[in-house]
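Below, each chain spelled out in residue letters.
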Amino acid sequence: MTAPAFDAARARADFPILATEVRGKPLTYLDNAATGQKPQVLIDAVERYYRAENSNIHRGVHYLSEQATDAYEAARAKVAQFIGIADQDEIIFTRGTTESINLVAHGFIETVFQAGDEILISHMEHHANIVPWQIAAEKTGAILKVVPVDDRGVLDMAAFEQMLSAKTKLVAITHISNALGTINPVEEIIEKAHAIDVPVLIDGAQSTPHMAVDVAALGCDFFVFSGHKVFGPTGIGVLWGKREWLERFPPYQSGGDMIEKVDFDGTTYKGIPGKFEAGTPHIEGVVGLAVAIDYLMGLDRKGALLHEAALLKAATEQLSAIDGLRIIGTSPHKASVISFLINDIHPHDIGTFLDADGVAIRAGHHCTQPLLKRFGVPATARASFAFYNDFDDVDRLVKAVQKMQKFFG
Amino acid sequence: MSDELHDLYQSIILDHNKRPRHYGALEDSTHTAEGYNPLCGDKINVHVILRGETVESIQFEAACCAICKASASMMTEALLGQTIENSQHAHARVSELLNADKDTSADISEEGELAALAGVKKFPARIKCATLPWHTFESALKNPVG
Ligand SMILES: Cc1ncc(COP(=O)(O)O)c(C=O)c1O
């Protein structure tokens, strides 16, 4: 017996914004790689938090503060469960993927990198997984090495193996490319790096929205992602790191909440995770993230992934049939992201044109300038699908692109 | 297609985009500058030969969207043979045309082809595309070659 197909219509109904109109047209939201939409349960939870639960955490003895503290720590446990981690103290709340990577880079600058050490990243990284390592290299004399990608946007694993050496002190690589959709063989990367004791950071910003990720099974050393891309609030993100690393790193920011005891003769810090969470955190963000994660975990995620793959296949076939349309990123292992160009029409014009039909896509460099340079283009148009998109969305995208192609012809 | 989109991509704009005037490198340019919009990756180079106070020659090269390219092409036509002072007036008028808070419909007829840029102001995300060539021209004036 086959399992029932994923019910996209039902999921869609959970996201009020998807029923709205923009520019007089029903919204066709295909910019999910930039940020996900928010389910009603999350909107309700954040509203309820402010209406009935607001309080600072880890401070008051009063009822609301205790409740807020409990909710905050329960969210930490929920995040640990979401990515398959047993030790919830290894979950650090940050502002997002960007801050998570910066925190790890800071730790490596302070405790690991020496002149001549090597940091290995790939050519398809988001700027958030490039610039912190460039700065780390400048500060310490370490050398940033970049694993190439081929013309399909597939990571060159032979080059990776060649570049990986005893000099490598960290491999930092994205699970899924936000610009091309390429799914990287992270299991193999981690296995190869660990074989010579090199730690690995996985940027999960684009994988967590699409698939259930079991970080413990992956076995990496750091895993980072953003709340807003998993249909949670903006301004909240997650760093998971192995306890040994997090304990070794010095504080990233300092002040209230992260201390054990402050004295002018010397201050001692909390253990993890408190050591890395200075100041009043984004409490409603954490509360909202837990609700969004709960929502995701309640979905049939395998079914959702199959549904997204079907959308990707349909959109790829129909777009490819359009005269002059070229897809950048044709890896056989791909998430539901399509970067494309049409003749010499600039992506910015494509974006504006589709927007007039209510079709929201991204046009630009997607914070991956080195990658686009590799493909010889300054920008692409990108449509990215989530589980709540449906075949009508594909249809509207394709029709709008056809119309535009005729217009600019 | 919506009226606003029609106003944005008027035939004049499309024509300048397809057949940009004064396009290409300029030998013996006296002033040159590169303009870049990090938001979308639009890039443009404006080359000028200034003789005294006069724009004797002006050319541009660009990897950019239709709005930016058309604006640049129309700019070269508007500025060729003009004094620096006149060119600055022209820049100021284009800025006014693109100012969403201003109703410029009354005096638009005096602007010739440049009036086509007024359609851009309904698209706030695109205004920078139209102004980039003009800012780059200003930078070129401050940037003598060699
Ligand atoms: C692969 C990848 N890494 C990092 C980031 C940065 O995430 P944030 O802006 O939420 O910090 C993004 C977001 O665009 C991304 O797609």
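Everything numeric in this text was worked out from a predicted model, so none of it was measured.

### Concerning the interface of chain A and chain B
Across the boundary between the two partners, chain A contributes 15 residues, which contact 21 residues of chain B. In this assembly, chain A packs against chain B so that about 1,500 Å² is buried in total across both faces, 60% of it on carbon and sulfur atoms. The largest share of the area that chain A buries against chain B comes from A:His348, A:Thr352 and A:Phe407, three residues that together contribute 34% of it. Linking chain A with chain B are one salt bridge. With a closest N to O distance of 2.8 Å, A:Asp349 and B:Arg126 form a salt bridge. Taken together, the connections running from chain A to chain B amount to nine residue pairs in polar contact (both at pLDDT 80 or more). Contributions of two or more residues to the side of chain A that touches chain B are made by helix H12 (347–356) and helix H14 (391–408) of chain A. Per element, the largest residue contribution to the side of chain A that touches chain B is five residues, and it comes from H12(A). When its residues are assigned to classes, the side of chain A that touches chain B shows six nonpolar, seven polar and two charged.

### Focus on the packing of helix H3 (residues 63–82) of chain A against helix H10 (residues 283–297) of chain A
Residue and element names in this part refer to chain A. At a closest axis distance of 9 Å, the pairing of H3 and H10 adopts a crossing angle of 40°. Here H3 and H10 pass one another in a crossing that is left-handed. Note on element contacts: H10 touches H3 through Ile283, Val286, Val287, Leu289, Ala290, Ile293, Asp294, Leu296 and Met297, opposite Ala71, Tyr72, Ala75, Lys78, Val79, Gln81 and Phe82. The residue makeup of the contact of H3 with H10, split by class, is 13 nonpolar, one polar and two charged.

### Overview of the side chain of A:Ser226
Its location among the elements puts A:Ser226 in strand E9 (residues 222–226). Leave out the neighbours within four places in its chain, and A:Ser226 touches A:Gly96, A:Thr97, A:Ile236 and A:Gly237.

### Some words on the site of the ligand
Residues and elements named next belong to chain A. Thr97, Thr98, His126, Ala128, Thr174, Asn178, Asp203, Ala205, Gln206, Ser226, His228 and Lys229 make up every residue found near the ligand. Glutamine 206 places a polar side-chain atom, nitrogen or oxygen, 2.7 Å from an oxygen atom of the ligand. In the model, an oxygen atom of the ligand is placed 2.6 Å from a nitrogen or oxygen of the serine 226 side chain. Across the complex, the protein chains shield 86% of the 390 Å² of accessible surface that the ligand would expose by itself. In terms of residue class, the shell around the ligand is built from two nonpolar, eight polar and two charged.

### Looking at the domain arrangement of chain A
Put simply, an interface is often sized by how much accessible area is lost when its parts join up. All names here are of chain A. With domains assigned, chain A is organised as domain 1 (8–30 + 300–408) and domain 2 (43–297). At the boundary of domain 1 with domain 2, total buried surface from both sides reaches about 2,600 Å², with 60% on carbon and sulfur atoms. Summed over the shared surface of domain 1 and domain 2, the number is one salt bridge. Between arginine 374 and aspartate 151 there is a salt bridge, and its shortest N-O distance comes to 2.7 Å. Linking domain 1 to domain 2 there are 19 residue pairs in polar contact (both at pLDDT 80 or more).

Conventions and cut-offs
- In every chain, residue numbers begin from 1 and rise along the written sequence.
- Here chains are named by letter from A upward and ligands by number from 1 upward, in the order in which they appear as written.
- Given that the model is predicted, a residue must reach a pLDDT of at least 70 before its local features are reported, and side-chain atom pairs must reach 80 or more before they are shown or counted; all residues, however, enter totals for whole chains, interfaces and linings.
- Computation of side-chain values: all heavy atoms of the structure, hydrogens and water removed.
- Note on definitions: a residue-residue contact is assigned when non-hydrogen atoms from the two residues lie within 4.5 Å.
- The term buried area means the drop in 1.4 Å probe accessible area that two parts suffer when joined, counted for both and summed.
- Here a salt bridge means any side-chain nitrogen of Lys or Arg lying within 4 Å of a carboxyl oxygen belonging to Asp or Glu.
- In protein, a polar contact requires one atom able to donate a hydrogen and another able to accept it; more generally it is a pair of N or O atoms within 3.5 Å, and residues adjacent in sequence count only if both atoms are side-chain atoms.
- Strands are runs of DSSP state E lasting at least two residues, helices are runs of H or I lasting at least four, and both sets are numbered from the N terminus onward.
- Residue polarity follows a fixed list, in which Ala, Val, Leu, Ile, Met, Phe, Trp, Tyr, Cys and Pro are nonpolar, Asp, Glu, Lys and Arg are charged, and the others, Gly among them, are polar.
- Axis geometry follows a simple rule: fit a line to the C-alpha atoms, using only the stretch in contact for helices, then measure angles between N-to-C directions, giving values from 0 to 180 degrees.
- The handedness criterion is simple: a crossing whose near helix is rotated anticlockwise from the far helix by less than a right angle is left-handed, and one whose near helix is rotated clockwise is right-handed.
- By convention in this text, a residue qualifies as near a molecule or strand provided that one of its non-hydrogen atoms is within 4 Å of it.
- Computed by Shrake-Rupley with a 1.4 Å probe, the accessible areas treat only the displayed protein chains as cover when residues are assessed.
- Bear in mind that the domain bounds are from an automatic or database domain assignment.

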